[in-house]
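So the chains spell out like this:
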Amino acid sequence: MATHRSMPAKPRIFPLITIKFNAFGSSEFLKMALIVQKYGGTSVGSSERIKNVARRVASWHRKGHQLVIVVSAMSGETNRLIALAREIQAQPDPRELDVMVSTGEQVTIALLSMALLEQGLQARSYTGGQVKIVTDSAYTKARIERIDEANIRRDLDEGRIVVVAGFQGIDEAGNITTLGRGGSDTTGVALAAALKADECQIYTDVDGVYTTDPRVVPEARKLDTITFEEMLEMASLGSKVLQIRSVEFAGKYKVKLRVLSSFEDEGEGTLITFEEDKKMEQATISGIAFNRDEAKITILGVPDRPGIAYQILGPVGDANIDIDMIVQNVGHDGLTDFSFTVHRNDYQKTLEILKPVAAHIKAREVQGGDKIAKVSVVGVGMRSHAGIASTAFRTLAEEGINIQMISTSEIKISIVIDEKYMELAVRVLHKAFGLDQQP
Ligand code: ADP
Ligand code: ASP
Ligand code: MG
């Protein structure tokens, strides 16, 4: 991001006027804080739920806090709109798709503002373009470049609750853009950074960040805190509880970020922490992430000579396709096999790009498959503990799950397997690392 005119450049020290008894029990909280709250699709999924959100917002307002509320579209709405677009155009034009899918959030900001007005509060809704949340022009995956927060500040100073559409922005030329699936989280955190908010609260349909998706592993445990680094890995490896870019923003601008339930009144959710020294006491592994969003491509019988990886991957990169895992086998008789993964949405396009490339380099065959899943074991404690990888491999072997690809970093191990074993793999790994037990 080049020009964050309104973003703070350095971590801030919060003004500490604490009150003793507050919604977060023992945690220090601020009187007259500026809080950004984001409510996800399920949380605003019906008029009843929108009224519930309004009641929650009203109770925070009554405590004297200034509030900016970011909302997603009603659950299912973004999917419905995308499907509708595909009925007209198999590969919808990205600019027009953004014009369309951004309407989901435009509905919920108006409905929530009405619900707040009904509560006797002053509220005003803003689309991304009205705020101005200025992004680049990469339709369907735009990045926020700056936020003009003057309108919001004026409203807050006049006692209004400001309701902002998540997931959307506007480029310099005035085109509507969207921020990628799950992008309302990023709107929330970016607004919190721009406004120097005291806290950004992400309200969702689970009561915090768990050791893995609690919908897949019922024994998953809620974490009271998770380090920023671990949250970044979990998000980037598929835990959709926070969009990766929202976590990046929180890290860059040191936004105090908390995930909590919009359906429960109790509980402090999960706080993303930046304290490095806490790591020593932490469990070796903090969580298991997974995703089904990738596809694998293998080029067989590639001449094994310098520059070959570049010849294959160069054109893919030039087409703006992100490559995730890469594996090149040991060569035999001057030939080798080369595999990599891309997002499933880019799978067909990648195959088309590679056909002429494979012919040009005289490779034998291009194979592909999108029935794969990536399962990742994440933990900062891995740095100081050996044997994590072997435990993971043994656990999968005992279940007869074949490993297709492996990639590791200091704090994660990712394994590509057949999609049909994904849930089993997540469950057995979760158990093997004792994540169901209190550390
Ligand atoms: P929202 O609509 O509120 O943005 P999402 O569906 O995007 O909600 O994200 C919340 C979901 O993320 C949960 O319902 C849960 O199934 C899933 N999830 C995946 N991994 C995790 C995890 N580690 N902890 C908590 N939830 C997770
Ligand atoms: N409505 C958008 C989506 O479904 C953005 C969001 O919910 O965060 O991806
Ligand atoms: Mg989400």
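Analysis parameters
Residues numbered from 1 in each chain as written. Chains lettered and ligands numbered in written order. Predicted model: local features only at pLDDT ≥ 70, side-chain atom pairs only at ≥ 80, totals over all residues. Heavy atoms only, no water. Buried < 20%, exposed > 50% of the residue type's maximum accessible area, 1.4 Å probe, protein only. Helix = DSSP H or I, 4+ residues; strand = E, 2+ residues; numbered from the N terminus. Contact = heavy atoms within 4.5 Å. Polar contact = N/O pair within 3.5 Å; in protein donor to acceptor, adjacent residues only side chain to side chain. Near = heavy atom within 4 Å. Areas by Shrake-Rupley, 256 points an atom, 1.4 Å probe, with all protein chains shown as cover. Nonpolar A, V, L, I, M, F, W, Y, C, P; charged D, E, K, R; others polar. Phe/Tyr/Trp six-rings, centres within 6.5 Å; stacked < 30°, edge-to-face > 60°. Lys NZ or Arg CZ within 6 Å of the ring centre and 35° of its normal. Salt bridge = Lys/Arg side-chain N within 4 Å of Asp/Glu carboxyl O.

K.L.:
Whenever I open this one, helix H10 (residues 308-318) confuses me. Can you help?
P.N.:
Side chains that are three or four residues apart share a direction in an α-helix, a result of its 3.6 residues per turn. For H10, the set of buried residues is Ile308, Ile312, Leu313, Gly314 and Val316. The inward-facing, buried residues of H10 contact strand E16 (294-303), strand E17 (323-328), strand E18 (335-343) and helix H11 (347-361). At the exit of H10 stands asparagine 320, carrying a positive phi of roughly 65°.

K.L.:
How do you make sense of the environment of glutamate 229 when you look at a structure like this?
P.N.:
On the secondary structure map, glutamate 229 appears in helix H8 (residues 228-236). By relative accessible area, which is 25% here, glutamate 229 ends up partly exposed. Residues glutamate 229 and threonine 78, spaced 151 residues apart in sequence, show a C-alpha to C-alpha distance of 30 Å. Within the structure, the side chain of glutamate 229 is placed 2.7 Å from the side chain of arginine 383, a separation counted as a polar contact.

K.L.:
How do you make sense of the site of ligand 2 when you look at a structure like this?
P.N.:
The environment of ligand 2 is made up of Ser72, Ala73, Thr78, Glu105, Phe167, Arg181, Gly182, Gly183 and Ser184. In this structure, an oxygen atom belonging to ligand 2 sits 2.9 Å away from a main-chain N or O atom of glycine 182. Here an oxygen atom of ligand 2 sits 3.4 Å away from a polar atom, N or O, in the main chain of glycine 183. When ligand 2 is considered free in solution it has 260 Å² of accessible area, and contact with the protein chains removes 86% of it. Taken together, the residues that form the shell around ligand 2 break down as 2 nonpolar, 5 polar and 2 charged.

K.L.:
What's the story with the site of ligand 1 in this structure? I'm lost.
P.N.:
For ligand 1, the set of nearby residues contains 17 residues, the closest of which are Thr204, Asp205, Tyr210, Asp213 and Arg215. With respect to ligand 1, the backbone of tyrosine 210 contributes an N or O atom lying 2.9 Å from a nitrogen atom. At 2.8 Å, a side-chain N or O of aspartate 213 approaches an oxygen atom of ligand 1.

K.L.:
Is there a simple way to explain unusual backbone geometry in this structure?
P.N.:
Most of the time, phi is negative for any residue but glycine, and the peptide bond is trans. Each neighbour pair has its own omega, and for valine 131 with lysine 132 the value is -10°, a cis peptide bond. Position of lysine 132 relative to the elements: it lies in the loop between helix H5 (128-131) and strand E6 (133-135). One non-glycine residue, phenylalanine 167, lies in the positive phi region at around 75°. One can find phenylalanine 167 in the loop between strand E8 (161-165) and strand E9 (168-170). Judged by its relative accessible area of 6%, phenylalanine 167 falls in the buried class.

K.L.:
Just checking my understanding: could you explain the packing of aromatic side chains for this structure?
P.N.:
Ring pairs (aromatic) are described by centroid distance and by the angle formed between their planes. Following the criterion strictly, the structure yields 4 aromatic pairs and no others. Here lysine 63 stacks its cationic end above the ring of tryptophan 60, 4.5 Å away from the centre of that ring.

K.L.:
How should the side chain of threonine 350 be read in this particular structure?
P.N.:
Along the chain, threonine 350 turns up in helix H11. Residue threonine 350 is classed as buried on the basis of its relative accessible area of 0%. A polar contact is formed between the side chain of threonine 350 and the backbone oxygen of aspartate 346, at a distance of 2.5 Å.

K.L.:
So what exactly am I meant to see when it comes to the pattern of salt bridges here?
P.N.:
Pairing between side chains of opposite charge can happen when the charged atoms of each approach one another. One pass over the full model with this rule turns up 23 salt bridges. Between aspartate 155 and arginine 124 there is a salt bridge, with the nearest N and O atoms lying 3.2 Å from each other. Here aspartate 155, found in helix H6 (residues 150-157), pairs with arginine 124, found in strand E5 (residues 123-126); they are 31 residues apart in sequence, far enough to count as distant. A relative accessible area of 0% means that aspartate 155 is categorised as buried. The exposure class of arginine 124 is partly exposed, given its relative accessible area of 36%.

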